[in-house]
Structure formats: C-alpha cells, structure tokens
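In case you want the letters, here they are:
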Amino acid sequence: MSDAMTGLNRLDGGLIDRSAELNFRFDGKSLEGYGGDTLASALLANGVRLMGRSFKYHRPRGVLSAGAEEPNAIVALREGAFTEPNTRATTAELFDGLVARSQNRWPSLAFDAMAVNDIMSDFLTAGFYYKTFMWPAKFWEKIYEPIIRHAAGLGALSGMSDPDCYDKGFLHCDLLIIGAGPAGLAAALTAGRSGARVIIADEDFLPGGRLNAETIAVGDAAGAEWAAQVAAELASMPNVRLMTRTTVIGAFDHGIYGAVERVTDHLATAPDGTARQVLWRIYSKRSILCAGSIERPIAFANNDRPGIMQAGALRAYANRWAVAAASEVAVFTNNDDGHRTASDLAAKGVKVTAIIDTRADAPDHGDAEVLAGACVTDSRGRLGLSKIKVRSADGSQRWIKCGALGVSGGWNPNVHLTCHQRGRPVWNEAIAAFVPGAVGPVGLSSAGAASGMFSTAAALTGGAVAAVNALGEIGIKAKAMAMPEAEDAPVSITAFWHVTGKGRAWLDQQNDVTVKDVKLAHQENFQSVEHLKRYTTLGMATDQGKTSNIAGLAVMAEIAGKTIPEVGTTIYRPPYTPTAIGAFGGRSRDETFRPVRLTPSHKWASEQGAVFVEVGMWMRAQWFPQAGETEWRQSVDREVLATRRSVGVCDVTTLGKIDVQGADAATFLNRIYCNGFAKLPVGKTRYGLMLREDGIVMDDGTTARLGETQFVMTTTTANAVGVFRHMEFARQCLWPDLDVQIISTTEAWAQFAVAGPNSRKVLEKIVDPAFDISNDAFPFMACGEITVCGGLRARLFRISFSGELAYEIAVPTRYGDALIRRLMEAGEEFDITPYGMEALGVMRIEKGHAAGNELNGTTTALNLGLGRMVSKTKDSIGSILSEREGLTRDDALIQVGFKPVDPNDPVVAGSHLMNIDDPANAAHDQGYITSAAYSPCLESSIGIGFLENGATRKGEIIRAMNPVEGSEIMVEVVSAHFVDPEGERLRA
Amino acid sequence: MIIHHPLLGPRDSAEFTYLGDANLIDRPDWQDKKAADKFYEYQYLRNNPAGEHQELWYHEAGDRSWLVVTRNTVTHEITKVELARDVARARGRSK
C-alpha cells in the first residue's frame, strides 16, 4: 500500500494527479505531494501527523478534519511579506514550492518548551484570566499579560506591508447556491436548465462536496464522476456561474451575500496585476444553503493526540487523496456513518483494528472486530497516537493498537449562514443535531445535509426541489428532474457526547477547553450558553467552534440536568471562515485608499516646489519654500509679510460653493442662515452664520447675490458636503414648495484669493476694461460677474479672510491653471507671492476669524462673539434652540485672543486656561485655546480661544496649561483682532 | 440593504446617508407660543421602536432625493419608500 516515491502512506486511487509531483517544505523539511493534494493530505501522505501545538497547553496536535472546520492543523504559509499565519492546512491547496511552518511552538514542533503549560494545567483552567492575576492590578498590563500572550497564541504576522493586491466585485443572480455538494449540484442543474441566472459557489477547488470523499455511487457513476459531469455541464451554461475556491462568508439583508474568491492562493506566484482574492457582493433574489454538515468528535481522555480525527475525515483522506493516516486504524462511533470509515479503509487494504460503537445494537459489516456498547477511555503516544484504551460493555478494559482513530459523534448540519440575521437553529432529536430554524435570512432555504437530510438520495432530491420552489417564488418555472439513484440510508444514531472518567477530555481543541472546564463553568454559575462561551473560551478563535460548540452545549445540558434545546445554542455571525483584512479593503489602500482631489493650480504649485497637505480628500499647498529657506516657518513668515506688505495669491477652490437659484432663493437662505439675507442687494456679498437646529454653529461663509434670484454660497472646505445635504433636507423636507434649486459648483469654479494692498492693481491688469473695480465702483463686499483676460467669464468677490484689501476671483475650472499663471505674471512688478494653508491660517488668526477649530460642533454664535447676528425677527434653523438658558449664560465662553507675557513663549492650541490663584484642575477650568500661530507682524506667538466671560476680561493675565505636553505659560487676554482691528485695510 | 427608490428603482443602501426619524419633517412653528418646548421635543425626543419605523434617507451618491423609508428595525424589512417631499406635503408642509 505504501508509495515510497511520494510518501509513506499513499494508497491507490483517489482524485489526485500523480503526474504532477509537487515539492513543498514543512518546517524546513522538503516533502513531495501531488496535484490535487491539500497541505494536510500531503503531510499525512508523508507520515507527518504532528502539525501544530495547542493554544494554551502547547499539546502536540495533528489534523482533526479534512475541511474548513479544522481547529488544530493551523500553519503559516509562504515567506517574508507574503507570510499568512493561521491558515488551515486542510484547505490550503498544495502547489510546487509551497513553504509552510508550524506555529505556537518554541524552539521546535517536536520539542516545545512551552509545553510546561500542560503540566501547569490545573492553574490554567476556565476563567484563569479572571481569577489568577487580579492583584496587584498594575502587574497585569506590564507583566502577566505579555507573558501569557507570548505563551498562548497563534501565528505571527510578518510585520511587513501586504504585497498582494485585492479587489472587490458585484454579482447579481436569481438564485445563489451555497455549496456544490450533491444538493447544491442538483439545485444548480435544475435551476440552470430552467434558464434562471444562477451562481453556485463552493469553498473547495473541486466541486462535489462529500461525493469526492465517499465511495457512494450516483446512478451508474461513482459519486465523484457524477459531480464532475454536472460541474462540466454547469460550466458550459451561459446563465450559470460556477465559482470554486469561493467561500460565502456572510448572509446580509435583502438577499445580499458576501463571498471571498481565492484567485491565486493555489499558485506559487500571482500573475502581475491579478488580485489575490476578490470580495464579491452577490445580490440574489433567492438562495439555497447546501453547505453540508460537519462531523463532531466524542470527548474522551487524551482525545487530542495527533492521529485522532473525524471518522469522515479519515475516509476522505483515503478516498479522495489516497492517503492512509496510519497503517493501522480504529473507529469510535455512536452512529452508522462511522462504520463507513471502517468499510472504506478496509477496502483500501488498511488494517482496521477495531470498531468501538457506543450502541449496544451496533451493526457488524465484517470489516473488523465490532465492540458494541463500548467506548474509548484513553490514548497513548507522545507525538502521535499509538494505542487506545477501550472499555467494553462488560466493563473490562484493554489497549488496542492503532496509529489513527476515526471518531464520529454524529453530524451537525452547517447552519452557520442561517444564523447571520439572528435566526436560531432548532434541535432535531432524530439526528441529534441542530437544523436551520424556520426564521432565517429572507429568501434563504436549505437542502441536503445542511437541512438535516443526510442521505445522498435526499440531498439530490432535496436540492432539486429547493431550486424549483425558490424559482417558483420569483416567477421562474423550473422542471423538477428525476435524479439518479443513490444510497438512502436512514440516520441511526444514539447521542453520545463524552466518555466519563479521569483525565482531560477535549471538547474544543483549538482553545484547549475540556469537559472539566465546562463543569467548572457550571459550578461557578456561568451556565448560560453565552457565559459558558466567554468563561471557558469555548468556540472562540479561528475555527469559531465548528467542531466543538454542540458538544460543549451537550455537556452543559447533562450537568445542568436539562435537554439541549433547553440550554439553547450560540448563534453565528459573519464571516463563516477567517477572511483576510486585505479582502475587505480591496483596492482602497495606500495612495488609492480614497479619491484624491487636486486643486486647479496643483500642477503649477508642484512646479513651484510647494509642500502639500491633505485637507479631507483635497491636496492643498501648505507653503511654497524658496531657495535658502531651511525651515517651514521661514517660508510661512515670508508669505504672510509679503501679502500684508504688497500682494499674495492663494488657491481657495476647496471651499464649498453652492449655487442657489429660484424665486424663493432669498427666503430660503434667510432660513438657512441665522442672520438676514432677504434684503441683501444684488451685487453684494454677506458673511453668513449657519446654525444647526440645536442652536450650535454648523458652518459659516460668504454668500453673494449675483441676481434677484441667484446666490452663490461658500462653505468651509470641511463642511461642503454636509451643508449641501442639510440644505437639501431643508428644501425637500421642511419647505417643499419653496421655489428654490441648489447645486454644488465646488468643482466647477477655480477660485483664488488675491490679497494685499496691491491686490487691486494686479487685478486691474487682467480684468477687462469694461469693468470698473475701483474702490468706489466695487467697494468692500461687492460682487459681480465680469470678464478677464479678454473675454473669459469670471466672478469677482471683494471679500477678505486675511484682513487686507482682498478679492476672490473665480473662473471656470479648466481656466484655473491659466489664471494662476496670468496672475503671477501680472503681479510680478508687485512681487506677488503665492501663499499656502499655513500663511492663510496665520493671517486669519491674526484677524481673529473663526475656522474649523472654533466651529467645532460645541460652540454657539454667542461663544464666537457673534451672538447679535442671530435674528429674532425671522424663522431660521437653530434660532429658537439657540436661546436656551444653558446657551445664553452670562458667564458663557467668549472668543478672545491671547498673547504670551513673555513673547518667547509659544502659545499651544489645546491648552486650558486657569486663573493664576486657582488650582489647575477641571473644576477651575476657564476655557481653552483653539488656534495658535506665530505672528510675524507682531513678532510674537498668538492664540485665539474661548474664555469664560471673555468679553470683560481684556488685560487679565491667566495661565495656559497643556498637561499633555507639560507646558504652562502666562498669557494676556486681548482682543482676537490682532491686526487692523478697525478693518481699515480691507476697505481701502 | 436594498432601498427601492420611487424614481430610480432598487438601489444599494451604500448609496445613501441615513439621518433618522422621519418626524424631523414636522418642524414646529417658530411663532408658536410654546415654540421653545416644541423645538426641544422636535430636536431631542425620538421614538426608538423595535419594529416598524419611518426614517429619512438621503440619496447622496445618487439623485439627492430625501426619502422616507418605512423599515422594520428588527428584521430590516422595508415595506414602503416615498419621496420625503411628498410626505412633507401630505403632512401639510409647504413654504
């Protein structure tokens, strides 16, 4: 039976490609497998039973399953930045050159020093986290937790950026079929032939499900052959999408499913530009869960030794992968299905040393000695099973030799997805398992083993009928085809969960939870299912208890003297199996994390060597360094002084622009802003303050009236989207009959601030002669539609954020680049200076203008010193609630300026203000500083912020404390208008 | 979730922004004698039913319609979708 070339334990037959010899490495050792192998099957074929160490006790562990439920054989795949920890060897498809490493062991898998935890197991039982290290508290974070984290755990990340790329996609179908076993294939064939749009997805790379793992015939063909034929027919149908290597991970609302397709995980290297995995969002009208079932173990002392596995897995390895886990095997079962393992392995020439059946009426098919009414009570073998101890019906005990033991405690329908919207599975006594409840995701039905129908015939018929029914609900007529004949054995099982006796009997092998831990949880009154899970960690970690939850529950029921349905069950949530975070991110990472918005002058600014800063999605010039400037402050100070001395220019396109038109536009704005807009004359601009309905300031900006029925509003960059949404709400929901239309024109116009005493002179050189922009003709706050540069339409606003004589000029965006170049040319004789965000910020702080730091969602018009702007003679959003007592207190925080007593002290934004003689604590807090900058005009650091009763405290000296940075300085309370408080410059 | 937009048909909820209770349509009269109390209730007091709920959704990545969606907060079943403008008019709002 053994095959010396590619492994010790290779049998004949199987669904592997012996012509494709694949070399791979496990813990540095070179091994060989075949095409069609998983890492687990190839390791078993090479006689490797020890594949990992357990989470807590570092017990030697081997493979338990042959599928996604695997708790033990968890390995790290690939190397360097491509390392993927915590991968199940049972689902990892073998490829040539695969490198895999075991985890959670040191220094080696065979000798793990951390196994000392196993000896200390009395100390590490359920709830040990909560009980052991309670005192002294400060030791927990610094000492206990790092030690435990080091000793207990799974794989380690590479610490490097993930070099793979991921993608997302959207699919639509009439019918989604989850799982391509006998039920799924029958459903897909039925639906596909009806012409419906069908998606059938399976996590395996080979469609067929258990048909590939069994020796069951379907009609005249072997099950696996029938599956291959159906898969080929489905692949040929244009209306069917057969997706292999695709796990449906979640059932979401309204027929939407999430699925991860592993596109290149089975390849040594992904072709350039190919996404490693694709996260699909599948929109289905109906769906059928054909996800099969998962076999559950029976707990007995030392049942976690490498070589002890699910009976169904033992024969899956033999039938599909032609691997005998050992040369001598035994079976421990409480149901008829376990006997199939003995029959199949015996037929393959493997010696079956015993079938231990807990039932007194166990069948005997003549494959091996059957011990009826018996159970396995213990096992031996340091790094792998060598023998089991069996207690016969008469109470006598003996040791039986075997290198592998197949255990079957019955099968649990894979109800996972039916619980994703809080559906609760229901107990079915006949099969001693939970089946999908009546209430699950709308449109989802189930068929085959997932619905508790375990025979092949029932799966085929059930799948076909489910497809006909599902399609019928959406008006598609499908014909129920006659399905080929197959075995239709009834389920014969007597529930049996654990063998009583001494020694630790494992329920959850991944989390090292034993029967004793469940007993302890019960004893300490953690008896509800949810408490049991959290106290013992049963069912947590990467396998989410797929093989352990029900047994844990059953043990709790037994101890509590209740039935299983009385104890209840935990339900499941997405994802079905662990999913790479990268798949959820898709292409939204690094530079493409989100869209980038560039201002119209971006190219020009880049040419000038501007330093850029992210402002939301926008990239804005922060400052423009010049030759010889080594530090940012040099650039910023120069830009500020040059602007105040002569003229500067700044791209302000990012501010939100909203075009408001209609007969009722003025009325509408009058309600959106708390100050009056109804009487704003055409050709004028006004500062507007916008409140939320609760009276807090929402946003501010200038709005220009270009015509009787047309306004252009500006918003802050940050609130452009939110303000527009708010205005649409007001327009549609509050005043639906106002004649007003709004549209965002932020990206339609390139807008530049031209500021400084020489700004008019610069603009006069580009504004067409027909337009008079002298101070008389175009005074402060004037606005108008003009032409520039010989006929280019433009908008001119005489508004100022810097406090200087200033304008904002807008042209259609596509002319923005040309305009900045023309402005620079025209301004050359005045030494026009481009300035960035920092200089803009310095100048607005010098003027005491509020910005995002001040409009921070907690401040009122009163706080900002703008209380009188809130009109009481009209209806506007927020005006009523802004008058609430708490918002109009006499000692309210008022915006003021701060200057350090020692000009060398930097004012720090975020500092809190304290009276000199008060203790520095929250009870004595007087306010806080919101914005700070170095003012090159005052040659001092300055700040603005909010101070209790601030308006009456000018000249007072107080403390500005920043405990986070450990700074404390003395500041003088001053007017926030540091520069030109009378506003003479901007009217010049 | 899928929201059946009255003008645009079935749309993924990812295209929408959620606001909250559709009672936000019923903004009180600012000249009401009890305006302060009524605005307080309007702004802060909301029902939070486990079951059918009328709520405002904004088709921000679409046609900018505000919608009133009747959704069961337990099952997420959506039984009705209306243009908020129509609902507002039906509730007597105008100019």
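Structure: see above.
Procedures and definitions
Throughout, a residue's number is its position along its own chain's written sequence, starting from 1. Think of it this way: whatever chain is written first is A, whatever ligand is written first is 1, and the rest follow in order. Side-chain atom pairs in this predicted model are given and counted only at pLDDT of 80 or more, local residue features only at pLDDT of at least 70, and totals for whole chains, interfaces and linings cover all residues. Excluding hydrogens and water, the side-chain values take into account all heavy atoms of the structure. For the purposes of this entry, the term helix denotes a DSSP run of H or I that reaches at least four residues, the term strand denotes a run of E that reaches at least two, and both are numbered from the N terminus. Only protein chains enter the accessibility calculation, which uses a 1.4 Å probe. A residue is then buried if its area is under 20% of the maximum for its type, exposed if over 50%, and partly exposed in between. Here a residue-residue contact requires only that any non-hydrogen atoms of the pair lie within 4.5 Å. In this analysis, axes come from line fits to C-alpha atoms, helices being fitted only over the stretch in contact, and the angle between any two N-to-C directions falls in the range 0 to 180 degrees. Should an angle lie under 35 degrees it is considered roughly parallel, over 145 roughly antiparallel, and from 65 to 115 roughly perpendicular; all remaining angles are considered oblique. By convention the crossing between two helices is left-handed if the near helix lies anticlockwise of the far one by an angle smaller than a right angle, and right-handed if it lies clockwise. Classes in brief: Ala, Val, Leu, Ile, Met, Phe, Trp, Tyr, Cys and Pro nonpolar; Asp, Glu, Lys and Arg charged; the others, Gly included, polar. Note: two strands are recorded as paired if DSSP finds a minimum of 2 bridges between them. Summed over both partners, buried area is the accessible surface (1.4 Å probe) that two parts give up on being assembled. Salt bridge, as applied in this entry: a Lys or Arg side-chain nitrogen positioned within 4 Å of an Asp or Glu carboxyl oxygen. Think of a polar contact as two N or O atoms within 3.5 Å of one another; within protein, one of them needs to be a possible hydrogen donor and the other a possible acceptor, and neighboring residues in sequence only count if both atoms come from side chains. For this analysis, a nonpolar core means a set of buried residues of the types Ala, Val, Leu, Ile, Met, Phe, Trp, Tyr and Cys, connected via side-chain atoms within 4.5 Å.

This part is about the overall build of chain B. For chain B, the helix and strand inventory stands at two helices and six strands. For chain B, the α and β elements follow one another from N to C terminus as β-β-β-α-β-β-β-α. Counting every position in chain B, which comprises 95 residues, the buried fraction comes to 42%. Counting only contacts in chain B whose residues sit at least 6 apart along the sequence, the fraction spanning at least 24 positions is 50%.

With that out of the way, let us pick up the packing of helix α16 (residues 632-645) of chain A against helix α21 (residues 837-847) of chain A. All names here are of chain A. Interaxial distance between α16 and α21 falls to 9 Å at its minimum, and their mutual angle equals 60°. For the element pair α16 / α21, the angle class is oblique. Relative to α21, the crossing made by α16 is right-handed. Of the residues in α21, those touching α16 at W632, V636, E639, V640, T643 and R644 are E838, A839, V842, M843, E846 and K847. Its residues assigned to classes, the contact of α16 with α21 comprises six nonpolar, one polar and five charged.

Okay, the pairing of strand β21 (residues 375-380) of chain A next. Residues and elements named next belong to chain A. By the criterion of burial, β21 is predominantly enclosed, with five of the six residues buried. In the sheet, β21 pairs with strand β22 (residues 387-391) via five bridges, with the strands oriented antiparallel. The partner of D378 across the bridge, within β22, is K389. Taking the residues between adjacent antiparallel strands as the criterion, β21 and β22 are bridged by six residues, where G381 takes a positive phi near 125°.

This next bit is on the interface of chain A and chain B. Contact with chain A, which involves 34 residues of that partner, is made by 33 residues of chain B. Between chain A and chain B, a total of about 3,000 Å² is buried, with carbon and sulfur atoms accounting for 53% of that surface. At the junction of chain A with chain B, the criterion picks out seven salt bridges. Here E728 of chain A and R64 of chain B are joined by a salt bridge, their closest N and O atoms 2.9 Å apart. Linking chain A to chain B there are 19 residue pairs in polar contact (both at pLDDT 80 or more). When contributions to the side of chain A that touches chain B are tallied by element, the ones reaching two or more residues are β15 (277-289), α18 (720-734) and β39 (741-744) of chain A. For the side of chain A that touches chain B, the element with the highest residue contribution is α18 of chain A, accounting for nine residues.

All names here are of chain A. Counting across every chain of the model gives 57 salt bridges over all chains. Where R315 meets E214, a salt bridge forms, and the shortest distance between an N and an O atom there is 2.7 Å. A residue pair is termed long-range when its members are at least 10 positions apart, and R315 in helix α7 (residues 311-319) and E214 in the loop between β9 (198-201) and β10 (217-218) qualify at 101 residues. Accessibility assignment for this pair places R315 and E214 in one class, buried. The residue K603 makes a salt bridge to E607 at a minimum N-O spacing of 3.4 Å. Here K603 pairs with E607, and both are found in helix α15 (residues 602-607), just four residues apart, close to one helical turn. On the accessibility criterion, K603 (55% relative accessible area) is exposed. According to the relative accessible area criterion, E607 is partly exposed, its value standing at 44%.

Turning to the sheet that holds β22 of chain A, a few remarks are in order. Residue and element names in this part refer to chain A. Pairing is antiparallel in the open sheet, where three strands are placed in the order β21-β22-β23. Edge positions in the sheet fall to β21 and β23 (397-401), since each of these pairs with one other strand and no more. Averaged over all neighbouring strand pairs, the angle between strand axes comes to 30°, with direction disregarded. Inspection of the sheet shows β22 paired to β23 by five bridges, in the antiparallel sense. Pairing of V390 across the sheet is with R398, part of β23.

For the rest of this paragraph, the subject is the nonpolar core. Judged by nonpolar contacts, the single largest core of 51 residues is most densely connected at L39 and Y317 of chain A. The element contributing the most residues to this core is helix α1 (residues 39-45) of chain A, with six residues. Apart from the residues lying within four places of it in its own chain, the contact partners of L39 of chain A are F24, V75, L77, A89, A92, L94, L98 and A100 of chain A. Judged by nonpolar contacts, the second largest core, of 41 residues, contains L680 and L881 of chain A together with I25 and V68 of chain B.

Function cannot be read off these values alone, since they describe shape.
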